[in-house]
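This is what each chain is made of:
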Amino acid sequence: MTQQAIEVKGLWKVYGPKKENVPLDQPDKLSKMEESREAVVAVRDVSFSVNAGEVFVVMGLSGSGKSTLIRCLMRLVEPTAGTIKMNGEEVTSLNNQELTQFRRNSAAMVFQHYGLLPHRTVLENVSFGLNLKKVPRKEREERAIELLNTVGLDGWEAYYPANLSGGMQQRVGIARALASDPPILLMDEPFSGLDPLIRREMQEEMVALHEKTHKTIFFVTHDLDEGIRLGDRMAVMRDGLFVQVGTPEEILENPADDYVARFVEDKKELFQEAKKEHGDDENREGMTEDVS
Amino acid sequence: MFPETWEFHIAGWINDFTNWLLTTFTAFFDGLSGIILSLLLNIHSGLEAIPWWVYILAIALTSYFTTKKIGLSVVLSLLPIAVGLFGLWDLAIETIAIVLTAVVIAILVGIPNGVLMAEFNRIEGLGRPILDAMQTMPSFVYLIPTMMLFGLGKVPAVLATVVYAVPPVIRLTNLGLRQVSQEVQEAALAYGATRFQLLKEVRIPLAMPSILAGVNQTTMMALAMVVIASMIGGGGLGYEVLVSINRIDVGRGFEAGISVVILAIVIDRLTQGFAKRFEPPSN
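Cut-off values and rules
Throughout this description, residue numbers start from 1 for each chain and increase along the sequence as written. Each chain takes a letter, starting from A, and each ligand takes a number, starting from 1, following the order in which they are written. The predicted nature of this model means local features are confined to residues of pLDDT at least 70 and side-chain atom pairs, given and counted, to a pLDDT of 80 or more, with totals for whole chains, interfaces and linings taken over all residues. Interaxial angle, 0 to 180 degrees, is taken between N-to-C directions of lines fitted to C-alpha atoms, where a helix line uses only the stretch in contact. In this text, helices come from DSSP runs of H or I with a minimum length of four residues, and strands from runs of E with a minimum of two, each type numbered from the N-terminal end. By definition, any crossing whose near helix is turned counterclockwise from its far helix by less than a right angle is left-handed, and any crossing with a clockwise turn is right-handed. Charged residues are taken to be Asp, Glu, Lys and Arg, nonpolar residues to be Ala, Val, Leu, Ile, Met, Phe, Trp, Tyr, Cys and Pro, and polar residues to be all remaining types, Gly included. Strands pair, by our definition, only if DSSP identifies at least two bridges between them. Expected helix span is taken as 1.5 Å per residue step, with the number of steps being one fewer than the number of residues. Buried, partly exposed and exposed are defined by the number of other C-beta atoms within 10 Å of a residue's own C-beta, namely 20 or more, between the two limits, and 12 or fewer respectively, with C-beta atoms placed from the backbone. For the purpose of contact definition, each residue receives a C-beta atom placed from its backbone, and two residues are in contact when these atoms lie within 7 Å.

Student: Hey, could you run me through the packing of helix H5 (residues 89-119) of chain B against helix H8 (residues 154-178) of chain B in this one?
Tutor: When two helices pack together, you describe them by how their axes are tilted relative to each other and by the distance separating the axes. All names here are of chain B. With their axes 6 Å apart at the nearest point, H5 and H8 run at an angle of 35° to one another. Judged by the sense of rotation from one axis to the other, the crossing of H5 with H8 is right-handed. Its residues placed into classes, the contact of H5 with H8 shows 18 nonpolar, 7 polar and 2 charged.

Here it is in structure tokens:
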């Protein structure tokens, strides 16, 4: 029995009309509202689950609804309908205080544009979440220094985000996410803004980090290569729908429709390469499944 | 001709209302008046106790440490000497005392109101037309009710100045808080910041340059109003201008006017240099 870290059922996000005025039960009416631009559907009846310790990648082009989806998980965007369960907690039914506690302890997010506080030092940025939780100064600073070592930024504590390169800023973002040791990491195109070489390097480090911590990672990207390289399973998203969900291999070999097929056309070779790199990784997964 | 029989006045009601306020809340207005007066007198006697050359030195040093420009610092610190040479030093100190008192009150009232406007869209909707009215209403109109409620003298002068000068700090606090990057705010929320924590740890610090620009504008407006407020007993440089107008003494009027301008330039430069220090580091 594998434990489900994230379980999403029938998730909708419709922008435009008020929540109670969205005719989800009348598809004809909804599509008319969409045609007249009265309603914009960003996430359309999405259901999926992510196993504990898994890297789940959502791949889609811009406007496919993937950023809205990841924000719904944290309720930074309020879903129109559906349920989200993370780590056994039903996120969609939390009240404000519970939601604050959930965000502080159960999941952490890494942003595409880093989302660092420009007026705080690297050290203060990493310990920001702990500061919100009122962890004593000494303790949170020790933890922050430890994490800066983990992400390879020792010695940069006193600098401000503006003094750092993009890659380094995202390392700060990752250290901040790890600070309160949440079981789930949500990553919203974390490496999209980086140079190809740095991106590759960060991807490798993320794989290493995942092997060490076994955190559940929900990873959003528009880059198929990245999805194949990192994901245990991936979902291809288009127009708010999950077009296909499966292991990268399955998606490459049996694309569900023309859209996915066009996407994966020349990626098979790349996948063979990635598979070699991740050989150990897959053995490890197999073992954990046997144990549980 | 507009029909005479249609004539309809609200002046009587406003007068009645002011009278009613005055008789019903005598104790409140007296108390408020006392607090403002003692604040003003303390600030004034504090400012008076400082020798003139300390001001010059202080201006030079603050200017140098905030801007690192020697030329600017020298010019800024020499300008007030002209005020002394015109024989208007003591009056200038009196003016600064009134401006400072008004600005302190304006900040205490303005920043919390700006925060409320930024936090609640409804309050913003309500506040905007009131602020517009406050800024477009001829400033002389403020003098009448404040004079009725507080009589003649420095306290109504301070209050009329506050009413005239408070809008910019409210507006720029509101604007600054609303302009804080959505991405940064979203990240703070994602890490479990409460609404109050978001305000205290993220929005206010990042809005600080804008808030201080508001304080700077408020100070400039207060200086401008001080001349008008001298009509109800504000004293200071404004009174000197008033006397010159009555006597059609152009020279004397210009000396006082130039002194006000000098105060404005020095205060403006100093507060702007100070505001720059609050900007978050950038590349």
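Student: Help me out: how do you make sense of the sheet that holds strand S7 (residues 184-188) of chain A in this one?
Tutor: Backbone-to-backbone hydrogen bonds pair the strands of a sheet. The strands run either parallel or antiparallel. Residue and element names in this part refer to chain A. If you walk across this open sheet you meet the 6 strands as S6-S7-S8-S3-S9-S10, and the pairing is mixed. This sheet does not close on itself; its edge strands, each paired only once, are strand S6 (107-110) and strand S10 (241-246). Along the sheet, successive strands turn relative to each other by an average axial angle of 15°, direction set aside.

Student: What is the right way to read helix H7 (residues 166-178) of chain A from this model?
Tutor: An α-helical turn contains 3.6 residues, so any two residues separated by three or four positions project in the same direction. All names here are of chain A. Along its 13 residues, H7 runs 19 Å from first to last C-alpha, staying within 8% of the 18 Å computed at 1.5 Å per residue. Of all 13 residues in H7, 10 are buried; the element is thus mostly enclosed. Along H7, the residues classified as buried are Gln169, Gln170, Arg171, Val172, Gly173, Ile174, Ala175, Arg176, Ala177 and Leu178. Residues of H7 that are buried make contact with S6, helix H4 (122-126), helix H5 (128-132), helix H6 (137-150), S7 and helix H8 (196-213).

Student: It is not clear to me how the sheet that holds strand S1 (residues 4-15) of chain A should be interpreted in this structure. Could you clarify?
Tutor: All names here are of chain A. Strand order across the open sheet formed by 4 strands is S2-S1-S4-S5, with antiparallel pairing between neighbours. Only two strands of the sheet have a single partner each, and these edge strands are strand S2 (40-51) and strand S5 (89-90). In terms of strand pairing, strand S4 (residues 81-86) meets S5 through 2 bridges, oriented antiparallel. Each bridged residue has a counterpart across the sheet, and for Lys85 the counterpart in S5 is Glu90. In the packing of helix H2 (residues 66-73) onto the sheet, contacts are made with S1, S2 and S4, and the angle to S2 comes to roughly 60°.

Student: Whenever I open this one, the interface of chain A and chain B confuses me. Can you help?
Tutor: Contact with chain A, which involves 18 residues of that partner, is made by 18 residues of chain B. Residue assignment for the side of chain A that touches chain B shows that the elements contributing at least two residues are helix H3 (96-105), S6 and H5 of chain A. Here the residues of the side of chain A that touches chain B are counted per class, giving 11 nonpolar, 5 polar and 2 charged.

Student: What is the right way to read the environment of Val55 of chain A from this model?
Tutor: Within the fold, Val55 of chain A resides in strand S3 (residues 55-59). The buried category is assigned to Val55 of chain A, around which 23 C-beta atoms lie within 10 Å.

That's the geometry; what it means functionally is another story.
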